[in-house]
Amino acid sequence: MKDEEKVYNTAVEVTLEVIGGKWKPVILFHLTFGKKRTSELKKLIPAITQKVLTQQLRELEEAGTVLRTSYNVVPPKVEYELTEYGTTLTELLHMMCKWGEVHLHRHYGDQARIVESPSQVI
């Protein structure tokens, strides 16, 4: 049985198929600053559940944007980092961050704030 051709209306749809959703862009953004362990990502994204974090990381790994490295040590150690392909998203993710900061100030003024700036994340 032959697979049907996928048809998209715009390339934005293709991009969102890989990085769309509430948490994937946030995970990818944090990984633009380097390798992270699951516990580090959980601290950086406190509202995400462990189950969802694991699921999103698995999907990003399947998409070829994230590399999972498991070390054979006790206790177990697993690190995540952007693949070479994943690093091509860095500019887009940082632009999204900048746009979000502008939108926050424009839309909410002094009634909202961002808890951590990228420089605090590093």
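Keep in mind that what you see is a predicted model, and the values were worked out from it rather than measured.

Enquirer: Break down the sheet that holds strand E2 (residues 66–71) for me, with residues and values.
Expert: What the three strands build is an open sheet, ordered E1-E3-E2; its pairing is antiparallel. Two strands lie at the open edges of the sheet, namely strand E1 (36–37) and E2, each paired on one side alone. Looking at chain direction, E2 and strand E3 (residues 77–82) are connected through six bridges and run antiparallel. Opposite Tyr 71, over in E3, you have Lys 77 as the bridge partner.

Enquirer: So what's going on with the UniProt feature "domain: HTH hxlR-type" (unreviewed entry) in the protein? Residues and values would help.
Expert: Mapped onto this numbering, the UniProt entry annotates "domain: HTH hxlR-type" (unreviewed entry) at residues 10–108. End C-alpha to end C-alpha, residues 10–108 measures 31 Å, and it is 57% helix and 14% strand.

Enquirer: I'd like to hear about the packing of aromatic side chains, residue by residue, with values.
Expert: Per the counting criterion, the structure on display carries one aromatic pair. Geometrically, the ring pair formed by Phe 29 and Phe 33 is edge-to-face, given 5.2 Å between the ring centres and 85° between the ring planes. In this structure Phe 29 comes out as buried when scored by relative accessible area, which is 12%. Judged by its relative accessible area of 22%, Phe 33 is partly exposed.

Enquirer: Quick rundown of the packing of helix H2 (residues 24–31) against helix H5 (residues 90–108)? Include the residues and the values.
Expert: For the pair H2 and H5, interaxial distance at closest approach is 9 Å and the crossing angle is 110°. It follows from the interaxial angle that H2 and H5 lie roughly perpendicular. Considering only the axes of H2 and H5, their crossing is left-handed. On H5, the residues that touch Pro 25, Leu 28 and Phe 29 of H2 are Leu 93, His 94, Met 96 and Cys 97. Of the residues in the contact of H2 with H5, the class split is six nonpolar, one polar and no charged.

Enquirer: Hey, could you go over the pattern of salt bridges for me, with residue numbers and the actual values?
Expert: All chains considered together, the criterion is met by five salt bridges. When the shortest N-O distance is used, the salt bridge between Lys 6 and Glu 17 registers 3.0 Å. Placement of Lys 6 in the segment before helix H1 (11–19) and of Glu 17 in helix H1 is noted, with a sequence separation of 11 residues between them. We classify Lys 6 as exposed; its relative accessible area is 54%. Ionic contacts of the salt-bridge type, sharing partners, join the residues Lys 35, Lys 77, Glu 79 and Glu 81 into one network.

Enquirer: Can you tell me about the nonpolar core, naming the residues and giving the values?
Expert: Core analysis: the largest hydrophobic core is formed by 19 residues, its most contacted members being Ile 27, Leu 28, Leu 31 and Val 66. At four residues, H2 tops the list of elements feeding residues into this core. When sequence neighbours within four positions are dropped, the list of residues in contact with Leu 31 reads Lys 36, Leu 41, Val 66, Tyr 80, Glu 81 and Leu 82.

Cut-offs applied
- Residues numbered from 1 in each chain as written.
- Predicted model: local features only at pLDDT ≥ 70, side-chain atom pairs only at ≥ 80, totals over all residues.
- Heavy atoms only, no water.
- Pairing = 2+ DSSP bridges.
- Helix = DSSP H or I, 4+ residues; strand = E, 2+ residues; numbered from the N terminus.
- UniProt positions renumbered as here; feature names shortened; annotations may be inferred.
- Phe/Tyr/Trp six-rings, centres within 6.5 Å; stacked < 30°, edge-to-face > 60°.
- Buried < 20%, exposed > 50% of the residue type's maximum accessible area, 1.4 Å probe, protein only.
- Axes fitted to C-alpha atoms, helices over the stretch in contact; angles between N-to-C directions.
- Parallel < 35°, antiparallel > 145°, perpendicular 65-115°, else oblique.
- Left-handed = near helix turned anticlockwise from the far one by under 90°.
- Contact = heavy atoms within 4.5 Å.
- Nonpolar A, V, L, I, M, F, W, Y, C, P; charged D, E, K, R; others polar.
- Salt bridge = Lys/Arg side-chain N within 4 Å of Asp/Glu carboxyl O.
- Core = buried A, V, L, I, M, F, W, Y, C linked by side-chain atoms within 4.5 Å.

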